Amino acid sequence: MASASPAKKVLVPIANGSEPMEAVIVVDVLRRAGADVTVASVEKQLRVEACRGVKIIADALVSDCGQTSFDLITLPGGIPGATNLKNSEVLQSLVKKQAADGKLYAAICAAPAVALGSWGVLKGLKATCHPSVMDQLAASGATAVESRVQLDGKAVTSRGPGTTIEFAVALVEQLYGKGKADEVSGPLVMRSNHGDEYIITEQNPTKWTFTDSPKILVPIANGTEEMEAIMIIDILREAKATVVVASVEDKLDIIASRKVKLEADVLLDEAAKLSYDLIVLPGGLGGAQAFAKSETLVNLLKKQRESNKPYGAICASPALVFEPHGLLKGKKATAFPAMCDKLSDKSEIENRVLVDGNLITSRGPGTSVEFALGIVEKFFGREKAIELAKVMVFVRP
């Protein structure tokens, strides 16, 4: 019997001010492929505060990874996160050695220009980055191109939060081949038309209202799908909504479905004292099961529905939380494809994002950006949502 090849080792460094979507989506997708991923903080402590107040707890410190050899080192963007990565001497020497050894290295958004470019590891290579730092990339000696994902030699680069899932799948392909990349991307429910404007299907249109700024509750639990949670939180905060991340566990930090450690803002019991313009549930099997068992959360959701206020869920949560608690009665909904048999009304499940009055549901990690933008659209209008989609490079700028 041939023994299974050892897992590919990947380093994902993070810093205060890193772009949370770019970090978490990459970790999640690579772990789905079977990679041994170390999330390492360049700060003095494991806990980093990423952009927009998202709190991530790393597995290790970059300073303790200096002697480890990796099959891939991949950097998230974000400002000042990319600068904080650039200023890590340990990380700089790891990446320069990676390039010299002819091994894979990658970066997205601001990081190709700010970190890789300034370290001189993109000289003479075709590379891309966020539209806002293209000049800086070109000045570093790279040939700056506008591809959503660019591979040249052993360097893989990409453009922004809205291209991260494509970038992550490309990294899987570089590490494991096309077969594995296809196997991993299937259950993600990805778009086939990256860069195009997205479509939200709406029935029984109702105006979603708020005063000052929409107050949105996003519960998380052990087993929550981390990339879904982070895409929802990050995009809604970027749109200037007030997002409260509440743990349904008995402590603030949770271990998500692909073992990313996230820290909530408050415990659910504390959050439940307030009222919200929207309550929105990420998916993930374990997380959805925890939500369904939380009496506090289920009561909040029932009250939300009775008050004709918006509520939503993605992936496993419409099927495992909303359906059994009667929250889909008389409503059209969608869910993760493999979970749709649990929905009593399956007539509209093929929609990627579906709004029915005050209810919004969606399918999986690959529909999460559209789902979050659909929420932005309901509160702030389509123009604002498209503007945000372009800044993220989800829709072509």
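Up top you'll find the structure we're talking about.
Below or above, wherever it landed, is the structure these notes cover. As the structure is a computational prediction, the values presented were derived from the model and not from experiment. (Residues numbered from 1 in each chain as written. Predicted model: local features only at pLDDT ≥ 70, side-chain atom pairs only at ≥ 80, totals over all residues. Heavy atoms only, no water.)

**Quick notes on the sheet that holds strand β18 (residues 278-281)**
In step 1: Sheet architecture is open: eight strands sit in the order β12-β20-β21-β19-β18-β13-β14-β17, paired in mixed fashion. On the outer flanks of this sheet lie β12 (201-203) and β17 (266-267), each paired with one strand and no other.
In step 2: Relative to β17, strand β14 (residues 242-247) runs parallel, the two being bridged by two bridges. Counted as the bridge partner of S247 is L267 from β17.
In step 3: Across the sheet, helix α8 (residues 226-238) touches β13 (215-220), β14, β18 and β19 (311-314), and the angle it forms with β14 is around 155°. (Pairing = 2+ DSSP bridges. Helix = DSSP H or I, 4+ residues; strand = E, 2+ residues; numbered from the N terminus. Contact = heavy atoms within 4.5 Å. Axes fitted to C-alpha atoms, helices over the stretch in contact; angles between N-to-C directions.)

**Quick notes on the pattern of salt bridges**
In step 1: Enumeration over the complete set of coordinates arrives at 24 salt bridges.
In step 2: Of the charged contacts in the structure, one is a salt bridge between R52 and E238, with a shortest N-O distance of 3.0 Å. Of the two residues, R52 sits in the loop between β3 (47-49) and β4 (55-57) while E238 sits in helix α8, which places them 186 residues apart along the sequence.
In step 3: K180 is the salt-bridge partner of E183, the closest N and O atoms lying 3.3 Å from each other. Of the two residues, E183 and K180 both sit in helix α7 (residues 178-185), three residues apart, roughly one turn of that helix.
In step 4: Within this structure, E19, R52, D234 and E238 form a network of salt bridges that share partners. (Salt bridge = Lys/Arg side-chain N within 4 Å of Asp/Glu carboxyl O.)

**Brief notes about unusual backbone geometry**
In step 1: Cis geometry marks the peptide bond from I79 to P80, where omega comes out at 10°.
In step 2: Residue position: P80 is located in the loop between β6 (72-75) and α2 (81-86).
In step 3: The phi dihedral of N204 is positive, around 50°, even though this residue is not glycine.
In step 4: Within the secondary structure layout, N204 lies in the loop between β12 and β13.
In step 5: According to the relative accessible area criterion, N204 is exposed, its value standing at 53%.
In step 6: Located in the positive-phi region is K240, a residue other than glycine, with phi close to 75°.
In step 7: Relative to the helices and strands, K240 is located in the loop between α8 and β14. (Buried < 20%, exposed > 50% of the residue type's maximum accessible area, 1.4 Å probe, protein only.)

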